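# Report on the structure
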Amino acid sequence: MEALKGIRVLDLSHVQAGPTGTQLMAWLGADVIKVEPPTGDITRGQLRDVPNADSLYFTMLNCNKRSITVNMKSPGGKQVITELLGKSDVVIENFGPGVIDRLGFSWEKVREINPRVVMASIKGFGSSGPYAEFKAYENVAQAMGGAMSVTGVPEGPPFVTGAQIGDTGTGLHMVIGVLAALHHRNRSGKGQYVEVAMMDGVMNLCRVKFRDHQRLTRGPLTEFSVPTRQGMGDVPRGGNDSGGGQLGNAIHCKPLGPNDYLYVVVQEVVWEALANKVGGESFAKDPRFAMIGERRKNQNEMWKRLNEFASKYTKRELMALLNELDVPCGPIMGTEDLANDEHVRGREMWVELDHPQRGKWWNVGMPIKLSESPARIERSPLLGEHTEGVLKEVLGYSEEKIAQLKQAGAFSNPPKKTA
Ligand SMILES: CC(C)(COP(=O)(O)OP(=O)(O)OC[C@H]1O[C@@H](n2cnc3c(N)ncnc32)[C@H](O)[C@@H]1OP(=O)(O)O)[C@@H](O)C(=O)NCCC(=O)NCCS
């Protein structure tokens, strides 16, 4: 049985941060009803690769959901949402600051409608503090949560990371909060409000950088291959340094192409075997490298030796060689590598789907594997595909009632704002 079977999620979320979280909830078995404005989630039409078809941006983040279109600014639309709230366990939104209150569905209002409902809001910066009124996107969160300042090389500009830690990362945090609140609801009978800020989520993912921030007051960070400053200053960008207790870096391999790197962790216990392989006993026992403290100080020389050795092998050959020595390592895998990787396919992490508008396409699979409740991945819904079905099945509306609401503009675009 699906783990979240019987849980209904009213998903008012859009773009990426909310939808990735609610897609996970759908894969865990929840009935996710995605409420869209009559124009649809903006991502349906963004970065389109097939004319007039839902974009991959949309299809990859909205699987296993039902889509209904509701004009939440109209009285009839508000009535539909109010009644759906009465039949839902969870409601999720990531509108800009103040939008949900203007629509008339603040937490105070929502809990009046259904005291058992769990409500989750994702905002760039939460509901309090000087930044609360600001909108946010992925890279704004990466900039303000600390991630950009520690990514890149010291002499270069700060970099964003390609992993969507601000959006998808916040979606994950949100789901954790919702599941905890549901557990609490099951014991107390009361729903609660879950607030997740993208900036907070990025700070959480940068936790170990704040470890280093405080360590800097005691002295330089010896594990970095670049100089670090003593005294409560910024943690530097450390390139591909591991930034952990074990030294690590990306080693360039044959034929020295842009992704021909193997990430190697020189774990303390494997030093001797690794060094013997790379440079024989003289390297392994060299006092500049034999002990971890000295190896940290002289790591740039060590990386040079490892790079020289690596240039004789491809990343896969070097991985095989180092795996025999139990050295933790991994080749830099591009999207093309991953899409064709036997391991990835075997774990159902690259899943083929069909879609009425676009035909065959692929989605990244469900990263959380439950032994009793495996995920079944189904295509994303077309815009408003389930509006009538949901109104009839969940709310028991008749054809006539639906027609009346339609007539009254409950499912039409709200009038354009005039300046
Ligand atoms: C992502 C974001 C920047 C987009 O901003 P935006 O395109 O201006 O969208 P908003 O959420 O502010 O909503 C815009 C309008 O659409 C309206 N709208 C949304 N759904 C509607 C519906 N079903 N029916 C009627 N109107 C609707 C809202 O009421 C709002 O109107 P208003 O400004 O007159 O009150 C903003 O939503 C945001 O900061 N969200 C929180 C942080 C976040 O999740 N960011 C990451 C996104 S991946």
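Residues numbered from 1 in each chain as written. Predicted model: local features only at pLDDT ≥ 70, side-chain atom pairs only at ≥ 80, totals over all residues.

### Re helix 7 (residues 168–188)
- An ideal rise of 1.5 Å per residue puts 30 Å on 21 residues; helix 7 measures up with 30 Å between its terminal C-alpha atoms.
- Every buried residue belonging to helix 7 is among Gly169, Thr170, Gly171, Leu172, His173, Met174, Val175, Val178 and Ala181, and all of these are buried.
- Its buried side turned inward, helix 7 meets helix 1 (17–27), strand 4 (90–93), strand 5 (118–123), strand 6 (193–197) and helix 8 (198–205).
- Note on helix 7: the residue one or two positions beyond its end, Gly189, has a positive phi of about 80°. (Helix = DSSP H or I, 4+ residues; strand = E, 2+ residues; numbered from the N terminus. Expected span 1.5 Å × (residues − 1). Buried ≥ 20, exposed ≤ 12 C-beta atoms within 10 Å, placed from the backbone. Contact = placed C-beta atoms within 7 Å.)

### Comments concerning the nonpolar core
- One finds Val9, Met25, Val90 and Ala120 to be the most contacted residues of the largest nonpolar core, which totals 65 residues.
- Not counting residues up to four positions away in its chain, the partners in contact with Met25 are Leu4, Val9, Ala30, Val32 and Val175.
- By size, the runner-up hydrophobic cluster in this structure holds 20 residues, among which are Ala250, Leu262, Val264 and Leu306. (Core = buried A, V, L, I, M, F, W, Y, C linked by C-beta atoms within 7 Å.)

### Examining the pairing of strand 8 (residues 261–266)
- Both strand 7 (residues 247–252) and strand 8 contribute to a ladder of 6 bridges, which runs antiparallel. Looking across to strand 8, one finds that Asn249 is bridged to Val264.
- Strand direction decides the pairing type here: strand 8 and strand 9 (residues 329–331), joined by 3 bridges, are antiparallel. Opposite Leu262, over in strand 9, you have Pro331 as the bridge partner. (Pairing = 2+ DSSP bridges.)

### Side note on the domain arrangement of the chain
- Taken domain by domain, the chain comprises domain 1 (8–205 + 341–407) and domain 2 (247–327).
- Distance from the C-alpha centre of domain 1 to the C-alpha centre of domain 2: 44 Å. (Domains from an automatic or database assignment.)

### Focus: unusual backbone geometry
- Residue Pro255 is bonded to the preceding Lys254 through a cis peptide linkage, with omega at -5°.
- By the element assignment, Pro255 lies in the loop between strand 7 and strand 8.
- Backbone geometry places Val15, a non-glycine residue, at a positive phi of 60°.
- Along the chain, the position of Val15 falls in the loop between strand 1 (8–11) and helix 1.
- Looking at Val15, the number of C-beta atoms within 10 Å reads 19, which means it is partly exposed.
- Its identity is not glycine, yet Asn64 carries a phi of approximately 60°, on the positive side.
- Secondary-structure assignment places Asn64 in the loop between helix 2 (56–59) and strand 3 (65–69).
- Residue Asn64 is classed as buried on the basis of its 23 C-beta neighbours within 10 Å.

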